[in-house]
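An overview of the molecular structure
Read off the chains here:
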Amino acid sequence: MLSRADVAAWSREEQGKEAASAGEDAGAIEDWSDDSEDEESSGTDKKVVLLTASGKALEDVSVLSRYTALQRLDLSDNKLQGTGAVAELGASLQVLSLARNPLSSAEGVERLQLLTTLDLCECGLASLPQLDGLHALATLLLSGNELTALPTVAAASEQQGLRELRLDRNNLTAAGPADWMAVRGRCLRTLDLGALCPP
């Protein structure tokens, strides 16, 4: 189970890395010695904007609903089976990686209205929710899933512009000519179709 102390430690580590690369002082983030709910720690919850918790064998991240200022979240290489808890972070989340989690569904990510980057590579997904409400989405990474149809994203005229779409190692047998024409009509800089069928 993900604890608030874990989040504090990981966040401090990530902010330190970013500050070092930018030549800035990371500033202090409080450490929590327990999971108690007090005003002081809840104020800290609202300060965390970047969290990397990759490869931590996490199965439950419901504690993240307290972190309303998160803008970048990396939960790749864990054991998450759903996106429900992450979907509650819609107020500020811009970059989300759930790559290499055994997701049974990605329902809820369509509520993350500010997402610019969504990484769902190698999650075993056979389908996706409608993503046409994600108007800021610029990068959509879906390599190595079991998708048979193209994802539904906002029309190019309705969004700032999907620039990168990776669909390699999927089985896009249900995609017809009209679907491919819609993809072709986008202002994509990168379209990776690779091997469309898994080996």
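Residues numbered from 1 in each chain as written. Predicted model: local features only at pLDDT ≥ 70, side-chain atom pairs only at ≥ 80, totals over all residues. Heavy atoms only, no water.

Of note, Ala57 is a non-glycine position whose phi angle comes to about 60°, a positive value. By secondary structure assignment, the location of Ala57 is in the loop between strand 1 (50-52) and strand 2 (72-74). (Helix = DSSP H or I, 4+ residues; strand = E, 2+ residues; numbered from the N terminus.)

Here the protein averages 76 in pLDDT, and 65% of its residues register 70 or above. Below a pLDDT of 50 lies the segment residues 22-40, which in the model reaches 30 contacts outside its immediate sequence neighbourhood of four places, other chains included. (pLDDT = per-residue confidence, 0-100. Contact = heavy atoms within 4.5 Å.)

This brings us to the nonpolar core. Ranked by size, the top nonpolar core spans 39 residues in total, and within it Leu73, Leu75 and Leu96 carry the most contacts. Once residues lying within four places of it in the same chain are set aside, the contact partners of Leu73 are Leu51, Leu64, Val86, Leu89, Leu93, Val95, Leu96 and Ser97. (Core = buried A, V, L, I, M, F, W, Y, C linked by side-chain atoms within 4.5 Å. Buried < 20%, exposed > 50% of the residue type's maximum accessible area, 1.4 Å probe, protein only.)

What follows covers the pattern of salt bridges. Throughout the structure, instances matching the rule amount to five salt bridges. The salt bridge partner of Asp77 is Arg100, with a shortest N-O separation of 2.7 Å. You can see Asp77 sitting in the loop between strand 2 and helix 3 (84-87) and its partner Arg100 sitting in the loop between strand 3 (95-97) and strand 4 (117-119), a full 23 residues away along the chain. A salt bridge links Arg111 to Glu88; its shortest N-O distance comes to 3.1 Å. Of this pair, Arg111 sits in the loop between strand 3 and strand 4 while Glu88 sits in the loop between helix 3 and strand 3; the two residues are 23 residues apart in sequence, bridging distant segments of the chain. Using a relative accessible area of 52% as the deciding quantity, one classes Glu88 as exposed. (Salt bridge = Lys/Arg side-chain N within 4 Å of Asp/Glu carboxyl O.)

Turning our eyes to something else, we now look at the environment of Glu88. Each C-alpha atom, one on Glu88 and one on Ser65, is 6.0 Å from the other, the two residues being 23 residues apart in sequence. When sequence neighbours within four positions are dropped, the list of residues in contact with Glu88 reads Ser65 and Arg111. A polar contact of 3.1 Å, which involves the side chain of Glu88, links it to the side chain of Arg111. (Polar contact = N/O pair within 3.5 Å; in protein donor to acceptor, adjacent residues only side chain to side chain.)

Attention shifts here to the sheet that holds strand 5 (residues 139-141). Hydrogen bonds between backbone groups are what pair the strands of a sheet, and the pairing can be parallel or antiparallel. The seven strands are arranged 1-2-3-4-5-6-7 in an open sheet whose pairing can be described as parallel. Of all strands in the sheet, those bounded by a partner on one side alone are strand 1 and strand 7 (190-192). Across this sheet, the average inter-strand angle for adjacent strands is 5°, counted without regard to direction. (Pairing = 2+ DSSP bridges. Axes fitted to C-alpha atoms, helices over the stretch in contact; angles between N-to-C directions.)

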